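# A closer look at the structure
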Amino acid sequence: LDAGLQAEGGSFGYVRAAGHVGGPIGSATGNIGLSYTDSGMPVEGSNLKSTALDGALSLPEIAGTAINLTGRYSDSTATSFPDSSGGPRLSALRTLDHRDIQEGVLGAHARRGITGWWNMALDYGFYDRFSDAVSPGVAPSAQTPSGIPANGDKAHFTRHEVTWTNRLTPLPGLEAALGVDMQKDIGTDTGFLQFGPARLPTSFALDRTLWAGFAEARYQIAPAFSLSASGRYDDTGGTHHFSPQLRADYALAETGTQIQLLWGQAYKLPSFYALGNPIVGDPT
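Worth saying up front: this structure is predicted, and the values here are computed from it rather than measured. (Residues numbered from 1 in each chain as written. Predicted model: local features only at pLDDT ≥ 70, side-chain atom pairs only at ≥ 80, totals over all residues. Heavy atoms only, no water.)

When its secondary structure is counted, the protein chain shows two helices and 13 strands. Against the globule reference of 19 Å for 284 residues, the protein chain gives a C-alpha radius of gyration of 24 Å, more extended than a compact globule. Across its three principal directions, the C-alpha atoms of the protein chain cover 70 × 50 × 45 Å. Among the 284 residues that make up the protein chain, the fraction classed as buried is 28%. Partitioning the contacts of the protein chain with sequence separation of at least 6, the portion at a separation of at least 24 is 48%. As displayed, the protein chain has an accessible area near 17200 Å², and 62% of this comes from carbon and sulfur atoms. Of the side-chain charges in the protein chain, 19 are positive and 27 negative, and the distance between the mean point of each set is 1 Å. (Helix = DSSP H or I, 4+ residues; strand = E, 2+ residues; numbered from the N terminus. Rg over C-alpha atoms; globule rule 2.2 N^0.38 Å. Buried < 20%, exposed > 50% of the residue type's maximum accessible area, 1.4 Å probe, protein only. Contact = heavy atoms within 4.5 Å. Areas by Shrake-Rupley, 256 points an atom, 1.4 Å probe, with all protein chains shown as cover. Lys, Arg positive; Asp, Glu negative; His and termini not counted. Charge placed at Lys NZ, Arg CZ, Asp CG, Glu CD.)

Here it is in structure tokens:
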């Protein structure tokens with residue numbers, strides 16, 4: 001059995017306390033921890049208080065398959081002056097942004113050796129976030145001539161992701177990986193914009209599924225020199241994208257210097273926040 005406690009304190013009211021306990025659970029091994037953090041107020045109005053519970057569990061091999069589980073839940077409250085307001089020195093409106101956030105993460109990893117040169121892994125990830133935010137808005141200024149209206153929104157976002165990966169070493173000096181990735185995003189954001197006495201409701205919903213295939217190979221030409229190439233193909237339902245990458249590495253062992261030459265292209269969909277936030281979001 002392993003257990004520990006930790007406490008920290010610092011300037012501006014910073015406090016953190018954490019504890020954990022772990023050890024065998026039958027033929028498995030587990031660990032659980034609890035922590036509390038208060039950032040204090042290094043900048044006037046800005047504060048974050050968070051409580052988090054996390055755990056991990058390693059199961060004994062089942063039919064040659066190793067399985068690990070991890071999880072985390074956190075509950076946070078944050079305040080700050082709104083972006084573009086001028087902060088504590090220049091903000092004309094002295095009311096703060098306020099955000100309550102709950103987040104949950106769950107992960108599962110299974111790995112199995114198929115042959116001496118081929119092993120396979122299956123990963124599942126779950127992410128859940130709920131936030132309730134209220135802002136007084138921003139008064140007109142040179143930076144934002146029309147100002148930003150008072151606003152608020154309640155957002156709930158979940159993501160499921162499953163990745164199947166095969167890692168191969170078919171020849172001396174050659175390493176390869178290939179697999180498939182699926183991601184399911186679901187989210188809703190309902191809020192308001194306040195224009196004087198009039199309150200304008202806002203709403204946004206997201207439901208998208210992404211499929212991707214990927215492959216990577218790395219060849220050690222010499223002890224100091226290797227070449228690698230990779231590619232990823234994303235299918236978003238409406239669009240398709242291929243992201244290639246080429247890379248060369250050369251190590252100077254006598255000096256500990258490594259020289260790397262890399263070329264690549266990447267693709268990323270806009271986030272739920274970038275699409276649905278009532279102030280900066282753009283659903284198009």
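Now, onward.
This brings us to a nonpolar patch on the surface. Taken together, the side chains of L1, V21, I32, L34, L53 and Y73 make up a nonpolar region of the molecular surface, amounting to roughly 620 Å² of accessible area. One can find Y73 in strand β5 (residues 65–80). (Patch = residues over 30% accessible without salt bridge, like charges linked within 9 Å, V, L, I, M, F, W, Y side chains within 5 Å. Salt bridge = Lys/Arg side-chain N within 4 Å of Asp/Glu carboxyl O.)

Formed by A155, F157, F204, L206, F272 and L275, the largest nonpolar core amounts to six residues. At the level of secondary structure, the elements contributing two or more residues to this core comprise β8 (150–171), β10 (198–222) and α2 (272–276). Those residues in contact with L206 that sit more than four places away from it in its chain are F157, D185, I186, G187, F272 and L275. (Core = buried A, V, L, I, M, F, W, Y, C linked by side-chain atoms within 4.5 Å.)

Moving on: the pairing of strand β6 (residues 97–115). With 16 bridges joining them, β5 and β6 adopt antiparallel strand pairing. Its bridge partner lying in β6, T70 is registered against G107. Two elements, β6 and strand β7 (residues 118–135), share 17 bridges in a ladder whose sense is antiparallel. Pairing of G107 across the sheet is with G125, part of β7. What sits between β6 and β7 in their antiparallel hairpin is a turn of two residues. (Pairing = 2+ DSSP bridges.)

With that settled, the discussion passes to unusual backbone geometry. Peptide bonds are trans in most cases, and residues, glycine excluded, mostly fall at negative phi. Even without being glycine, A63 reaches a positive phi, approximately 55°. Tracing the backbone through its elements, the reader meets A63 in the loop between β4 (47–62) and β5. Judged by relative accessible area, A63 falls into the exposed class, the value being 62%. The residue S84 is not glycine, and still its phi comes out positive at about 70°. As for its placement among the helices and strands, S84 is situated in the loop between β5 and α1 (87–90). Given the relative accessible area of 33%, S84 is considered partly exposed.

Below, the discussion takes up the environment of R247. The residue R247 is located in strand β12 (residues 240–252) in this model. Considering only alpha carbons, one finds R247 and L227, 20 residues apart in sequence, at a separation of 5.9 Å. Here R247 is in contact with S226, L227, S228, Q260, L261 and L262, once residues within four sequence places are set aside. Among the polar contacts listed, one links the side chain of R247 to the side chain of D249, at a separation of 2.7 Å. (Polar contact = N/O pair within 3.5 Å; in protein donor to acceptor, adjacent residues only side chain to side chain.)

Another point: the packing of aromatic side chains. The description of two aromatic rings rests on the distance between their centres and on the angle between their planes. Taken as a whole, this structure holds five aromatic pairs when the rule is applied. Here the aromatic residues Y127, F157, F204 and F272 are joined through ring pairs into a cluster of three or more. (Phe/Tyr/Trp six-rings, centres within 6.5 Å; stacked < 30°, edge-to-face > 60°.)

Before going further, it helps to examine the side chain of Q183. Inspection of the secondary structure assignment puts Q183 in strand β9 (residues 174–195). For Q183, the side chain forms a polar contact with the side chain of D185, separated by 3.2 Å. Setting aside residues up to four positions removed in sequence, Q183 forms contacts with R159, H160, E161, R208, T209 and L210.

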